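Structural features, examined
The lines below spell out each chain.
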Amino acid sequence: MTTAAGFNIAPDNALVIDPQHLGIIATGAELEGLFAKFLSRHGKTAWKMELSPAGEFIFTPPQAHPFDLHLTAIVDALNEWNADVGGVVTSVETI
């Protein structure tokens, strides 16, 4: 899914950001140093944060991210509907 130029959401719900879109023009070791500084200030989170080989910031939410709450509500609604029409409702992980 594409959100805005310089930002996108990967299939695993990771937020991928091009640092240049944030006004960061550093590359290589300088970008690694800036990212390490960011991690030292904000690294105590359940989100996985990494710098890709292409120099993108990647933020991956934990498994129990609120997205799962939305998925649970959808599956619950499908199960209710499915009780009347028959069939099987499974999660995307079992397909």
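Everything numeric here is computed off the predicted structure, so don't read it as measured data. (Residues numbered from 1 in each chain as written. Predicted model: local features only at pLDDT ≥ 70, side-chain atom pairs only at ≥ 80, totals over all residues. Heavy atoms only, no water.)

**Digging into the overall build of the protein**
We count it as follows: Segments assigned H or I by DSSP are reported as helices when at least four residues long, segments assigned E as strands when at least two residues long, and all are numbered from the N terminus. We call a residue buried when its accessible area falls under 20% of the maximum for its residue type, exposed when it is over 50%, and partly exposed in between, using a 1.4 Å probe and counting protein chains only. Whether two residues are in contact is decided by their heavy atoms, any of which lying within 4.5 Å being enough. Note on areas: Shrake-Rupley, 1.4 Å probe, and residue coverage restricted to the protein chains presented here.
From N to C terminus, the protein includes two helices and four strands. In the protein, the succession of α and β elements from N to C terminus is β-β-α-β-β-α. Expressed as a percentage of its 95 residues, the buried residues of the protein come to 18%. Contacts spanning at least 24 positions in sequence make up 31% of the contacts within the protein whose residues lie at least 6 apart. With the model as given, the accessible surface of the protein reaches about 7,100 Å², and the carbon-plus-sulfur share is 60%.

**Remarks on the pairing of strand 4 (residues 57-60)**
Note the following rule: One requirement defines pairing of two strands: DSSP has to find at least two bridges between them.
Along strand 4, one buried face is formed by F57 and F59 and the opposite face, lined by I58 and T60, is buried too. The pairing of strand 2 (residues 15-17) with strand 4 spans three bridges and is antiparallel. The partner of L15 across the bridge, within strand 4, is F59. Bridge count between strand 3 (residues 48-51) and strand 4: four bridges; the pairing is antiparallel. Bridge pairing in strand 4 places K48 opposite T60.

**Here's the deal with the environment of T27**
Following the sequence through the fold, T27 ends up in the loop between strand 2 and helix 1 (28-42). For the pair T27 and A54, spaced 27 residues apart in sequence, the C-alpha to C-alpha distance is 9.6 Å.

**Description of the nonpolar core**
What counts, and what does not: Residues grouped as a nonpolar core are buried Ala, Val, Leu, Ile, Met, Phe, Trp, Tyr and Cys residues, joined through side-chain atoms within 4.5 Å.
By size, the foremost hydrophobic cluster in this structure holds seven residues: I17, A26, L31, F35, M49, F57 and F59. Elements represented by at least two residues in this core include exactly helix 1 and strand 4. With residues near it in sequence (within four places) discarded, A26 still touches L31 and L34.

**Overview of the pattern of salt bridges**
The line we're drawing: The term salt bridge refers to a pairing of a side-chain nitrogen on Lys or Arg with a carboxyl oxygen on Asp or Glu at a separation within 4 Å.
Counting across every chain of the model gives one salt bridge. Across the pair K48 and E50 runs a salt bridge whose closest N-O atoms are separated by 3.7 Å. Residue class for K48 comes out partly exposed when judged on its relative accessible area of 49%. Of the residues examined, E50 reaches a relative accessible area of 30% and is grouped as partly exposed.

**Considering the side chain of T60**
Among the secondary structure elements, T60 is positioned in strand 4. In contact with T60, not counting residues within four places along its chain, are D12, A14, W47 and K48.

**Regarding the confidence of the model for the protein**
Operational definition: Note on scores: pLDDT gives the predictor's confidence for each residue, bounded by 0 and 100.
Taken as a whole, the protein shows an average pLDDT of 74; of its residues, 61% reach a score of 70 or greater. Confidence scores differ between elements of the protein, with helix 2 (residues 66-85) showing the lowest mean pLDDT of 62 and strand 3 the highest of 90.

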